[in-house]
Amino acid sequence: SRQPISSPEHVVSTRIAMIANLQEAKFIKWLEHLISKSGVSIGVAPFVLISVTLALAFFILSYVFFSSLLFAFLIGCIGSVFPFAVLKVFIHRRQLLLEKELPDLLDFMARSLQVGHSFNTTLQMAADEAPMPLSAEFKHVFEELNFGAPMQKVLSDLSDRIDCAEIRYFVIAVIVNREIGGDLAEILKRVSKLIRDRMEFRQVI
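Here the structure is a predicted model, which means the values were calculated and not measured. (Residues numbered from 1 in each chain as written. Predicted model: local features only at pLDDT ≥ 70, side-chain atom pairs only at ≥ 80, totals over all residues. Heavy atoms only, no water.)

Draft legend 1. Region of the structure containing the pattern of salt bridges. On inspection of all chains with the given rule, the structure shows eight salt bridges. The partner of arginine 196 in a salt bridge is aspartate 104, and the shortest N-O contact between them spans 2.5 Å. With arginine 196 in helix H8 (residues 184-204) and aspartate 104 in helix H3 (residues 69-114), this residue pair connects regions lying 92 residues apart in the sequence. Accessibility expressed as a relative area gives 28% for arginine 196, which makes it partly exposed. Between arginine 196 and aspartate 107 there is a salt bridge, and its shortest N-O distance comes to 2.9 Å. (Salt bridge = Lys/Arg side-chain N within 4 Å of Asp/Glu carboxyl O. Helix = DSSP H or I, 4+ residues; strand = E, 2+ residues; numbered from the N terminus. Buried < 20%, exposed > 50% of the residue type's maximum accessible area, 1.4 Å probe, protein only.)

Draft legend 2. Broad picture of the confidence of the model for the protein. In this model, the protein carries an average pLDDT of 84, and 88% of its residues clear a pLDDT of 70 or more. Within the protein, the lowest mean pLDDT, 70, falls on helix H1 (residues 8-38), and the highest, 91, falls on helix H2 (residues 44-66). (pLDDT = per-residue confidence, 0-100.)

Draft legend 3. Representation of a nonpolar patch on the surface within the structure. A grouping of Phe27, Trp30, Val48, Val52, Leu56, Ile60, Leu61, Val64, Phe65, Phe66 and Phe71 is seen on the molecular surface, where their side chains present a nonpolar patch of about 1,100 Å² in accessible area. Within the residue set of the nonpolar patch, elements represented by two or more residues are H1 and H2. For the nonpolar patch, the element with the highest residue contribution is H2, accounting for eight residues. Secondary-structure assignment places valine 64 in helix H2. (Patch = residues over 30% accessible without salt bridge, like charges linked within 9 Å, V, L, I, M, F, W, Y side chains within 5 Å. Areas by Shrake-Rupley, 256 points an atom, 1.4 Å probe, with all protein chains shown as cover.)

Draft legend 4. How the structure looks around the packing of aromatic side chains. Under the counting rule described, the total for this entry stands at five aromatic pairs. Judged by centre distance (6.0 Å) and plane angle (20°), the ring pair of tryptophan 30 and phenylalanine 84 falls under stacked. Of the two residues, tryptophan 30 is situated in helix H1 and phenylalanine 84 in helix H3; the sequence distance between them amounts to 54 residues. Here phenylalanine 47 and phenylalanine 84 contribute two aromatic rings whose centre-to-centre distance is 5.0 Å and whose plane-to-plane angle is 90°, an arrangement assigned as edge-to-face. Placement of phenylalanine 47 in helix H2 and of phenylalanine 84 in helix H3 is noted, with a sequence separation of 37 residues between them. Assessed through its relative accessible area of 4%, phenylalanine 47 is described here as buried. Ring-pair connections join several aromatic residues into one group, and the members of that group are Phe27, Trp30, Phe47 and Phe84. Positioned above the aromatic ring of phenylalanine 90 is the side chain of arginine 93, whose terminal nitrogen or guanidinium carbon lies 5.8 Å from the ring centre. (Phe/Tyr/Trp six-rings, centres within 6.5 Å; stacked < 30°, edge-to-face > 60°. Lys NZ or Arg CZ within 6 Å of the ring centre and 35° of its normal.)

Draft legend 5. Structural detail: the packing of H3 against helix H4 (residues 119-129). As a packed pair, H3 and H4 sit with axes 9 Å apart at the nearest point and diverge in direction by 140°. On the basis of the axis angle, H3 is oblique to H4. Relative to H4, H3 is oriented so that their crossing is right-handed. From H3, Leu105, Phe108, Met109, Ser112 and Leu113 reach across to H4, where they touch Phe119, Thr122, Leu123, Met125, Ala126 and Glu129. Of the residues contributing to the contact of H3 with H4, the split by class is eight nonpolar, two polar and one charged. (Axes fitted to C-alpha atoms, helices over the stretch in contact; angles between N-to-C directions. Parallel < 35°, antiparallel > 145°, perpendicular 65-115°, else oblique. Left-handed = near helix turned anticlockwise from the far one by under 90°. Contact = heavy atoms within 4.5 Å. Nonpolar A, V, L, I, M, F, W, Y, C, P; charged D, E, K, R; others polar.)

Written out as structure tokens, the structure reads:
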């Protein structure tokens, strides 16, 4: 039997729907990544609901008080992005905490490796000893490695979640050590010193 020929309008509408779904998926993935970096325990749907609710509330209140649709629309837009601004503040604060805690944790890991513990055992001990939020991140790394995830992917994901230079130094050091060998404990000590030097330099300027 002959297949029915789709009309140009149907083809266009189908492609538009596919593009819309793709953009929605990208937005959801981006927002999930943003929320995970902040450390805030909230899902994408509740976060979007809060954003939309604030936008409507700001719009309605602005229109009631000023009777200007354009002004109300602008204020509504500000209301919609307010949760994203708060999220950025949480991300920045969390990254500062992680950077501050990382050198001491790397020194601890170096000592653990020097007394003969494996890297995975050292990660578990680091997760137990580190303060939050670094503890949660290293626990996540340890659990993924225990489930059999590749080391490079797990550490790359850690670098993406935290997204700061100090964590990238740690990730690169471990990945390079896995590929070419060497004394990982000594490398971690050097990374720890490098991070401390960077922090002192930023305080001076």
